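For reference, the chains in residue letters:
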Amino acid sequence: MAKVRAAITAVHGHLPEYVLTNQELEQMVDTSDEWISTRTGIKERRILKGEGLASSDMGAEAVKGLLEKRGIDPAEVDMVLCATATPDMKFPATANLISHKAGIKNAFSYDMNAACSGFLYALVTAAYHVESGRYKKVVLVGSDKMSSIVDYTDRQTCVLFGDAACAVLLEPTLEETGVMDHKFGAEGSGWVHLHMKAGGSLKPPSYETIDAGEHFIYQEGQQVFKFAVTKMAEMSLDVMSNNNLSADDVQWVVPHQANMRIIEATGRRMNISPEKVMVTIHKYGNTTNATIPLCLWDYEDKLNKGDNIILTAFGGGFTWGAIWLKWAY
Ligand code: ACO
């Protein structure tokens, strides 16, 4: 009997309207369009403006658009998984709020957090639910309001991040498409290089933590950079060799969009030509859990059924991994 696989059958993103350009950042911190462009590849990023708007609002817009696109009634959705590093609240899960705002009533929902690798970890988790045969329509949304944890006086981090959400629908298929294989890893000692110091159970919020600016992203960029380049390429090559895929067999690589230099180095190490590597970093920056699905959304009309796609990410934790996906439509 053919194996039940989990196929991505739709993708839809949501981008906040406000465009924060490098030129505007030049007015805010000691930086330049030239530095940001050459060191990161980013030209602009979106920022969610407006009182009372959070990751769930962007996530719900992405999910509503996704269901409309496929003509699916929200009542048909079985499960909603949200990958986020910036949940609306510590609890309840942002996925619960997204379900509520998108009118999804018959699903169970929860969040996953693996920083920038979260979407890939959650994609495999969602796929296992579909492969079990029990769940027919699973929505996975990556949503991050990174502007809520960025210090706009810190030039080292404020130029990097943007806000966005993007959702995919997973459905069972008996065809040889969908999530085919993956390889993941994590190294908890890496936490020192990339974290948010306060706001958790280690250091609950206090006047002192706020005065010390400890509710923002803390990143030692160069340490993270070195790990990211090594791990994204290593995992991708492992997944390819485990499945006898050569560079020629791969139509697309979708790297997490953290830095153009990391994206290019990953492609080079994989021996994949640049035109097969998806890039959106110039217009959206690093949107954490939304970068990979946003690439799929941006390139959707260039994808063909059966395309071999390698998704790869690296993030805080440290966490990393790669997935071999066969495009289903
Ligand atoms: N504008 C101008 N100068 C700057 C800026 C800026 N925005 N930011 C830093 N600089 C300066 C530094 O102060 C430093 O100056 P100095 O030499 O006088 O001390 C100089 O530029 C070089 O700084 P580096 O940190 O060495 O620059 P680098 O080339 O490493 O680039 C960057 C920094 C962009 C952060 C890079 O290290 C990077 O992309 N790291 C990886 C990020 C990443 O992948 N994160 C993982 C995902 S995030 C997540 O999981 C939430």
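Conventions used here
- Residues numbered from 1 in each chain as written.
- Predicted model: local features only at pLDDT ≥ 70, side-chain atom pairs only at ≥ 80, totals over all residues.
- Heavy atoms only, no water.
- Near = heavy atom within 4 Å.
- Polar contact = N/O pair within 3.5 Å; in protein donor to acceptor, adjacent residues only side chain to side chain.
- Areas by Shrake-Rupley, 256 points an atom, 1.4 Å probe, with all protein chains shown as cover.
- Pairing = 2+ DSSP bridges.
- Helix = DSSP H or I, 4+ residues; strand = E, 2+ residues; numbered from the N terminus.
- Axes fitted to C-alpha atoms, helices over the stretch in contact; angles between N-to-C directions.
- Contact = heavy atoms within 4.5 Å.
- Domains from an automatic or database assignment.
- Buried area = accessible area lost by both parts, 1.4 Å probe.
- Salt bridge = Lys/Arg side-chain N within 4 Å of Asp/Glu carboxyl O.
- Buried < 20%, exposed > 50% of the residue type's maximum accessible area, 1.4 Å probe, protein only.

1. Observations regarding the site of the ligand
Step number 1: With respect to spatial proximity, 24 residues lie near the ligand, and among them Thr31, Arg39, Cys116, Gln222 and Asn259 are the closest.
Step number 2: Contact distances for the ligand include 2.8 Å between a nitrogen atom and a backbone N or O atom of Arg155.
Step number 3: Measuring from a nitrogen atom of the ligand, one finds a backbone N or O atom of Gly221 at 3.1 Å.
Step number 4: If the ligand stood free it would expose 1000 Å²; the protein chains cover 77% of that surface.

2. Description of the sheet that holds strand β11 (residues 252–255)
Step number 1: If you trace the four strands from one edge of the open sheet to the other, you get β8-β13-β12-β11, paired in mixed fashion. Looking at which strands have only one partner, the edges of the open sheet turn out to be β8 (178–186) and β11. Pairs of neighbouring strands in the sheet enclose a mean axial angle of 15°, with direction left out of account.
Step number 2: Packing against the sheet, helix α5 (residues 118–131) makes contact with β8, β12 (308–315) and β13 (319–326), and its axis sits at approximately 135° to β8.

3. A word on the domain arrangement of the protein chain
Step number 1: The domains assigned to the protein chain are domain 1 (5–176) and domain 2 (180–326).
Step number 2: Of the residues lining the interface, 48 residues belong to domain 1; the matching set on domain 2 comes to 46 residues.
Step number 3: Of all residues in domain 1, the largest losses of buried area upon contact with domain 2 belong to Cys116, Leu120 and Tyr121, amounting jointly to 17% of the total for that side.
Step number 4: Summed over the shared surface of domain 1 and domain 2, the result is two salt bridges.
Step number 5: Between Glu300 and Lys69 there is a salt bridge whose closest N-O contact spans 2.9 Å.
Step number 6: Viewed at the interface, domain 2 and domain 1 are joined by 18 residue pairs in polar contact (both at pLDDT 80 or more).
Step number 7: Residue assignment for the side of domain 1 that touches domain 2 shows that the elements contributing at least two residues are β1 (5–14), α2 (33–40), β3 (44–47), α5, β6 (138–145) and β7 (163–173).
Step number 8: Here the element with the most residues in the side of domain 1 that touches domain 2 is α5; it accounts for seven residues.

4. A word on helix α9 (residues 260–269)
Step number 1: Turning to α9, its buried residues number three or more, namely Ile262, Ile263, Ala265, Thr266 and Gly267.
Step number 2: Near the N-terminus of α9, the side chain that reaches the backbone nitrogen of Arg261, with its oxygen 2.8 Å away, is that of Asn259.
Step number 3: Asn271, located one to two residues past α9, shows a positive phi value of around 65°.

5. Some points on the sheet that holds β1
Step number 1: The strand order β1-β7-β6-β4-β5 describes an open sheet built from five strands, whose pairing is mixed. Sheet topology places β1 and β5 (108–112) at the edges, where each strand pairs with a single neighbour. Sheet twist, expressed as the average angle between the axes of neighbouring strands with direction ignored, equals 20°.
Step number 2: Strands β1, β6 and β7 of the sheet are contacted by helix α3 (residues 55–70), whose axis makes an angle of about 120° with β1.
Step number 3: Helix α4 (residues 94–101) contacts β4 (79–83), β5 and β6 of the sheet and is inclined by roughly 135° relative to β5.

6. Focus: the pattern of salt bridges
Step number 1: Applying the stated criterion across every chain, the model contains 14 salt bridges.
Step number 2: Two residues, Lys3 and Glu131, come together in a salt bridge whose shortest N-O distance is 3.7 Å. With a gap of 128 residues between them, Lys3 in the segment before β1 and Glu131 in helix α5 connect regions that are remote in the sequence.
Step number 3: Since its relative accessible area comes to 44%, Lys3 is described here as partly exposed.
Step number 4: Shared partners join several salt bridges into a network, and the residues in it are Arg70, Lys137 and Glu171.

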